[in-house]
Amino acid sequence: MSHRSPEGTEDTAGTEPTYAGHTEPQGGAVGLEKQDDAFPGETRTDVKFSELVGQTHTAAVLDPLAPPVLSVSNLKMYFPVKSGGVVRRTVGHVQAVDGISFEVPEGGSLGLVGESGCGKSTTGRLITRLYDPTGGSMIFDGQDLATLSQKEMLPLRREVQMIFQDPYSSLNPRHTVGTIVGTPLRVHNMVPKNKVLDRVQELLEVVGLNPEHYNRYPNEFSGGQRQRIGIARALALQPKIMVADEPVSALDVSIQAQVINLMQDLQKEFGIAFLFIAHDLAIVRHFCPEVAVMYLGKIVEIGDRESIYSHARHPYTQALLSAVPDVKQAVIGGRRERIRLEGDVPSPINPPSGCRFRTRCPIAQEICAKHEPPLLQIGQRHKVACHFPGEIGQHPTEPLTARLLGVDNAGSPDPGATPSKDLVTKPGYDDTWFDLDTKTFGRA
Ligand SMILES: Nc1ncnc2c1ncn2[C@@H]1O[C@H](COP(=O)(O)OP(=O)(O)O)[C@@H](O)[C@H]1O
Ligand code: SF4
Ligand SMILES: [Mg+2]
């Protein structure tokens, strides 16, 4: 594992620059970022994204026939934890990302949502190969990004770009905007040297900045403008996919919508696929026709917009949704209050056995401590990892997964049962799935 973060250089967009005196803020402008404030009742500032974004820009639609541009399978990142003292031994691992699988369709957009520390940024940094994964594969353009050497990765860096959370620390304060946006063009020989400035100015115009301002320094711009510079830098290489890691959470609420709109326009215009990371289901709702919900290094539920926002079956997704103002009513019916989760997010060094959410889950039972729930496809484009998947207040009383796992309802081995072979989690969706009503695998 290594973190290739060049100090004070901007020469390869796709590696994250960090600069002395600038650190990534832990808290964002919106809601669920700080762990202590995960569900802070009425104290959280709700973003009216539906109103802000909905005015001029339509939400992205899903093309179910689009082939995947990126197919991630069983991806893992374990960071070693070292002991103190002179001989630093590895005493454990932070299981930041622990076997996640998903696809991003060509020109599509997948939202990756969850509380702070659940492994979202690590996932983004694995895809852009700022980290070397502990395991799994990431198929892009027929190649496995997970196993390529840094040299082999170089041509692909063009195609896989990242927009960082903090527009203050991700731009080198000592470089002009022209250098920041122009360097990737030069490094990757995108245009002849005498055309770099023209291209930089075009890019600045595309992202809504004054093309004459190429000679200015980042500190002469506002946060929103800086994020536009970051987007121009990522856009310079005409990538096939962009990983946007909470690209607006460091920005003022009114600016957030503008930057989202810009990304949405660019996505349509250039057909760029997005992995859009957010800690808030409100933001990705308008940007992403598909959403994956993460908890403590695992994907707990993934599906199209309709499945996630109107038919969530996982207690964690339901809790997150209850904090989104305009879907709150639809999800929790007459109950207007937010679903509050008890306790803190456990440590990813020593996560709970079985289902990692069980220590905070309001409906956990014995089997939850014994077996990890499989990420089961339960609809055409909907998967959930819970032994008791169901609507709020209508979760089944008996685990739906017991028979599939070959155990009894308490999770103890059932000598008469054979575990199902259908439980291996694949990145995409199958034509058949587990029907929650009939409790059998079938086709729609
Ligand atoms: N370089 C690292 N070394 C060790 N632990 C890390 C490193 N980066 C992240 N982590 C840990 O991995 C977990 C996931 O972090 P991260 O991916 O940043 O979460 P998120 O982006 O969802 O807030 C956290 O517990 C974090 O402390
Ligand atoms: S598997 Fe059990 S603990 Fe996990 S979310 Fe479902 S009910 Fe809760
Ligand atoms: Mg993060």
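Draft legend 1. Structural context of the overall build of the protein. A count of helical and extended segments in the protein gives 13 helices and 14 strands. In the protein, which comprises 444 residues, the proportion classed as buried is 46%. Residue pairs in contact within the protein that sit at least 24 positions apart in sequence constitute 67% of those at least 6 positions apart.

Draft legend 2. Spotlight on the sheet that holds strand β1 (residues 68-82). Here four strands make up an open sheet; going across it, the order is β2-β1-β4-β5 and the pairing antiparallel. The sheet is open, and its two borders are formed by β2 (90-105) and β5 (143-144), each paired with just one other strand. Taken together, the five bridges between β1 and strand β4 (residues 135-140) define a ladder with antiparallel strand orientation. Looking across to β4, one finds that Leu70 is bridged to Phe140. Relative to β2, helix α2 (residues 120-127) is tilted by about 70°, and along the sheet it contacts β1, β2 and β4.

Draft legend 3. Seen up close, helix α4 (residues 177-187). Listed in full, the buried residues belonging to α4 are Val177, Ile180, Val181, Gly182, Thr183, Pro184 and Leu185. Among the structural elements, α5 (196-206) and α6 (223-235) are those in contact with the buried residues of α4.

Draft legend 4. Layout of the site of ligand 2. Taken together, the neighbourhood of ligand 2 is formed by 13 residues, with Cys355, Arg358, Cys361, Cys368 and Cys386 sitting nearest. In the shell around ligand 2, the residues fall into ten nonpolar, two polar and one charged.

Draft legend 5. How the structure looks around the site of ligand 1. Close contacts around ligand 1 come from 13 residues, with Phe79, Ala96, Lys120, Ser121 and Thr122 the closest. With three residues, the top contributor of residues to the shell around ligand 1 is α2. By residue class, the composition of the shell around ligand 1 is five nonpolar, seven polar and one charged.

Draft legend 6. Just the pairing of strand β7 (residues 241-245), in detail. With five of its five residues buried, β7 lies for the most part within the structure. In terms of strand pairing, strand β6 (residues 160-163) meets β7 through four bridges, oriented parallel. In the strand pairing of β7, Ile163 is matched with Ala244. As defined by bridge partners, β7 adjoins strand β8 (residues 273-278) across five bridges and the pair is classed as parallel. Counted as the bridge partner of Ile241 is Ala273 from β8. In this region the chain leaves β7, passes through helix α7 (residues 253-270) and returns to the parallel neighbour β8; the handedness of that crossover is right-handed.

Cut-offs used in this document
Residues numbered from 1 in each chain as written. Chains lettered and ligands numbered in written order. Predicted model: local features only at pLDDT ≥ 70, side-chain atom pairs only at ≥ 80, totals over all residues. Helix = DSSP H or I, 4+ residues; strand = E, 2+ residues; numbered from the N terminus. Buried ≥ 20, exposed ≤ 12 C-beta atoms within 10 Å, placed from the backbone. Contact = placed C-beta atoms within 7 Å. Pairing = 2+ DSSP bridges. Axes fitted to C-alpha atoms, helices over the stretch in contact; angles between N-to-C directions. Near = placed C-beta within 6 Å. Nonpolar A, V, L, I, M, F, W, Y, C, P; charged D, E, K, R; others polar. Right-handed = clockwise from strand over helix to strand, strands pointing away.

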